[in-house]
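As a plain string of letters, each chain reads:
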Amino acid sequence: MAASCNLPSLLLLQTDLECSLQEAESPGDKERLVIEYLSEISGRAGDLRVPEFAVGLEWLNTERPLSLHNDLQGKVVVLDFFTYCCINCMHLLPDLHALEHEYSDKDGLVIVGVHSAKFPNEKVLDNIKSAVLRYNITHPVVNDADAVLWQELEVSCWPTLVILGPHGNLLFCIIGEGHREKLFLFTSAALKFYKEKSEIRDNTISLRLYKDLLPPSPLLFPGKVAVDFSGDNLVIADTGHHRILVVRKNGQILHTIGGPGSGWKDGDFSESAFNSPQGVAINNNIIYVADTENHLIRKIDLETKQVSTAAGIGSQGTDKEGGTQGKNQPISSPWDVAFGAPGVSEQNVLWAAMAGTHQIWALFLEEGTLPKGSNLPKGSCIRFAGSGNEENRNNSYPHKAGFAQPSGLSVCLDEPWKCLFVADSESSTVRTISLKDGAVKHLVGGERDPMNLFAFGDTDGIGINAKLQHPLGVAWDPNRNVLYVADSYNHKIKVVDPKTKSCVTLSGTGQASNVSGVSFTHAAFNEPGGLCVNGHLLYVADTNNHQIKVLDLEAKTVSLFPLLASEWADTVDSKIPMKIQIPKLPKSAPNVTLEPLSVSPNKPLQYLLKLNLPEGSKLTNDAPSFWFLTAEGHEWLLEGQKVNGEIVSLTKPSQIDLRIPLEPAFPEAVLCIGAFVYYCSQDSNLCMMKAVSFTQRLQIIPGTTSSSLDLTYTFK
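In this report, we go over the structure that sits alongside the text. Because the structure is predicted, anything quoted here is derived from the model rather than measured.

The rules behind the values
- Residues numbered from 1 in each chain as written.
- Predicted model: local features only at pLDDT ≥ 70, side-chain atom pairs only at ≥ 80, totals over all residues.
- Heavy atoms only, no water.
- Helix = DSSP H or I, 4+ residues; strand = E, 2+ residues; numbered from the N terminus.
- Expected span 1.5 Å × (residues − 1).
- Buried < 20%, exposed > 50% of the residue type's maximum accessible area, 1.4 Å probe, protein only.
- Arc of directions from axis to C-beta.
- Contact = heavy atoms within 4.5 Å.
- Core = buried A, V, L, I, M, F, W, Y, C linked by side-chain atoms within 4.5 Å.
- Axes fitted to C-alpha atoms, helices over the stretch in contact; angles between N-to-C directions.
- Parallel < 35°, antiparallel > 145°, perpendicular 65-115°, else oblique.
- Left-handed = near helix turned anticlockwise from the far one by under 90°.
- Nonpolar A, V, L, I, M, F, W, Y, C, P; charged D, E, K, R; others polar.
- Salt bridge = Lys/Arg side-chain N within 4 Å of Asp/Glu carboxyl O.
- Pairing = 2+ DSSP bridges.
- Polar contact = N/O pair within 3.5 Å; in protein donor to acceptor, adjacent residues only side chain to side chain.

1. Focus: helix α2 (residues 27–41)
Moving on, step 1. The end-to-end C-alpha distance of α2 is 22 Å, a good match for the 21 Å that 15 residues give at a rise of 1.5 Å each.
Moving on, step 2. Among all positions in α2, only K30, L33, V34, Y37, L38 and I41 are buried. Axial view of α2: buried residues confined to an arc of 140°, hence all on one face.
Moving on, step 3. Looking at the buried residues of α2, the elements they touch are α1 (7–23), β6 (170–175) and α6 (180–196).

Shown next, in the form of structure tokens:
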């Protein structure tokens, strides 16, 4: 079954071809050389035949498992060996998308993603499904969880492309990223060569795209979240919808910027476009965005409602030094951004985690200097730390240190630390960079060997004895002098004391799931990617659950952030339809069933919501209480109505007004009035969340008088 010629020996066959291609002057000469190479190895097709896909493997984007030597017989096949955490693999996807656009299965080309996991979390099919959706992969993907084909062919690194002929025979091997021209040359020449030999079949491959099976969602793979200095507004990177949301702390959407499709366009909020934005940072009505797949840093001005480009040229850069003005400086996959001094007026620098070059960069918003560096003019975009080599190397000299896909940043200006905290995802560590002298040091996770990027796990402990798995986010809490970590592939939120280097689990079961409305111990996340802290509230971008969750650090409870949107997310700034997200009530929340009520078409209906708290309690302003309306199965009842509102006082009832439609769709409907209440005990400072719902059947009968009802509930 195994191929007698594996990839290392195939690369030897390619060596002469590669040398000849470097000397070739025209595209025609290059194609001729590749055709000659294919002619030379065509007689060895039997020796170069690769093994069949193993039986029982899990497949995505197909109606059934594919056979290499049956279904794909007569096709030129590109096998993309990838793992979804790998930034280099992500960089290759635009090349594959372009190749698919150029040639279809009718032309004889089929691309198959062979997912060969690095981390245990990446072997799980549901997690691969999420990655396929995030990266918009529309070709077949096979979960080679045990790396069987990887080992058969002796693949050695991610990404690796293996191009096969129509008999399942090895033709070419391309290792690493940045070889788009070679990929197109090899593929087009192979299609031409085998078509002339009448060995290409034009049959179609039956696909069943996973993305077509998903219901619409208000958020899609939110990557990062930030809170403004006042704590009044959140900024959410709605990564899968390619947009930025600015949301009040009660969940009301203020601005929708970009989306729903990807692109690169500056201008006003309604016409601007992003491509899988990740990191966001806000201060004084200015938001900076790590526009990851555009390889840009963008600026959003909330006052003028304009989006502009601050750094990057719109394509992936390979420069590892920088130093030019931002708009002229190529950069590579910025994943997070952080202001140099959050909360104060002197915002001289924006730090950027440049995942694509494994470095930390600085964008100067005003003239300034780096630690122990020379003066730099406003707009300069330059490397701060990292050699560009992918490794876990600490060093007193920032340029000699090595990072491995840094993906999260948080600034700490407190003594004695005064540093940048870095979530270094591929080394599964959290690192620090001194803002005094640039020294890069280890905090938790990983191991001492700088070349070992496989020292991961899920272990609470001190320093190097603590283990993480691909952390993506960090957030410094200046009130408690601790660092929160989104330990993404462990599906946990952890907390680190930088003084003792203690790292312990704060919340999360360790299993990918979606549980909120419970205590820290019982809550569950799915690859949380970003987090931010404000007062006693920790906001978490629960990426694969398409939600923002709120951790109350005092009450030690986890709740769902209520994204309260009307049918149109922002009628002023956007024309993007968005369904209402219904907040999920905790299982412990009581439901009060009201007597059926007769109402008349086109008549007002009023509820007065009166909620009573235990004695000695008061509402908290940090997490505003709110009410909301739902009418499951009878959504027509709420069209054009106000469906949510803030509960600002308990001494005065909250007034909820509803007008029955003039032409109701049905003679009756079921209305639900829900309420979330956040309050604190004045005696113990213990804070908590409670919820209640009221359900009422409405019978719509012409001629009925207007109604006003009291809704009263006392929490114990």
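Here the narrative resumes, following the displayed structure.
2. Concerning the nonpolar core
Moving on, step 1. Counting residues in hydrophobic clusters, the biggest one holds 76 residues, and the most contacted among them are L79 and V112.
Moving on, step 2. Sorting elements by how many residues they give to this core places α6 first, with eight residues.
Moving on, step 3. Look past the residues within four positions of V112 in its chain and what remains in contact with it is F53, W59, L72, V77, V78, L79, D80, H139, P140 and V142.
Moving on, step 4. If you look at the next biggest cluster of nonpolar residues, it comprises 34 residues, including L638, L658, I700 and L709.

3. Regarding the packing of α1 against α2
Moving on, step 1. The N-to-C vectors of α1 and α2 enclose an angle of 155°; their axes lie 10 Å apart at closest approach. As summarised for this structure, α1 and α2 are arranged roughly antiparallel, according to the angle between their axes. Crossing geometry of α1 relative to α2 is assigned as right-handed. Counted together, L10, L13, Q14, L17, S20 and L21 of α1 and K30, L33, V34 and Y37 of α2 form the full contact between these two elements.
Moving on, step 2. Per-class residue counts for the contact of α1 with α2 are seven nonpolar, two polar and one charged.

4. Thoughts on unusual backbone geometry
Moving on, step 1. Between W158 and the following residue, P159, the backbone shows a cis peptide bond with an omega angle of -15°.
Moving on, step 2. In this chain, G259 is followed by P260 through a cis amide linkage whose omega measures -5°.
Moving on, step 3. Unusually for a residue other than glycine, H295 sits at a positive phi of about 55°.
Moving on, step 4. Despite not being glycine, K418 shows a phi value in the positive range, around 40°.
Moving on, step 5. With respect to the helices, strands and loops of the structure, K418 is situated in the loop between β23 (406–412) and β24 (419–424).

5. A look at the pattern of salt bridges
Moving on, step 1. By the definition in use, this model includes 24 salt bridges.
Moving on, step 2. A salt bridge links R134 to E527; its shortest N-O distance comes to 3.9 Å. Here E527 lies in the loop between β32 (518–519) and β33 (530–534) and R134 lies in helix α4 (residues 125–134), a separation of 393 residues in the sequence.
Moving on, step 3. Note that K197 is salt-bridged to E199, the shortest N-O span being 3.8 Å.
Moving on, step 4. Residue classification places K197 among the partly exposed positions, given a relative accessible area of 38%.
Moving on, step 5. One network of salt bridges, in which partners are shared, links D458, D487, K492 and K494.

6. Section: the sheet that holds strand β8 (residues 233–238)
Moving on, step 1. Strand order in the open sheet made by the four strands is β7-β8-β9-β10, with antiparallel pairing throughout. Two strands close off the open sheet at either side, each with one partner strand: β7 (225–227) and β10 (253–258). Neighbour-to-neighbour, the strand axes of the sheet open up by a mean angle of 15°, direction not taken into account.
Moving on, step 2. Two elements, β7 and β8, share three bridges in a ladder whose sense is antiparallel. Bridge assignment links V227 to a residue of β8, and that residue is L234.

7. With respect to the side chain of S507
Moving on, step 1. You can see S507 is positioned in strand β31 (residues 502–507).
Moving on, step 2. Judged by its relative accessible area of 1%, S507 falls in the buried class.
Moving on, step 3. Polar contacts involving the side chain of S507 include one to the main-chain carbonyl oxygen of F520, which spans 2.9 Å.
Moving on, step 4. Not counting residues within four places of it along the chain, the set of residues in contact with S507 comprises K492, I493, F520, A523, F525, L551 and V558.

8. Some points on the pairing of β23
Moving on, step 1. Counting buried positions over the seven residues of β23 gives seven, a clear majority of the element.
Moving on, step 2. As consecutive antiparallel partners, β23 and β24 are separated by six residues, and within that stretch K418 has a phi angle of approximately 40°, a positive value.

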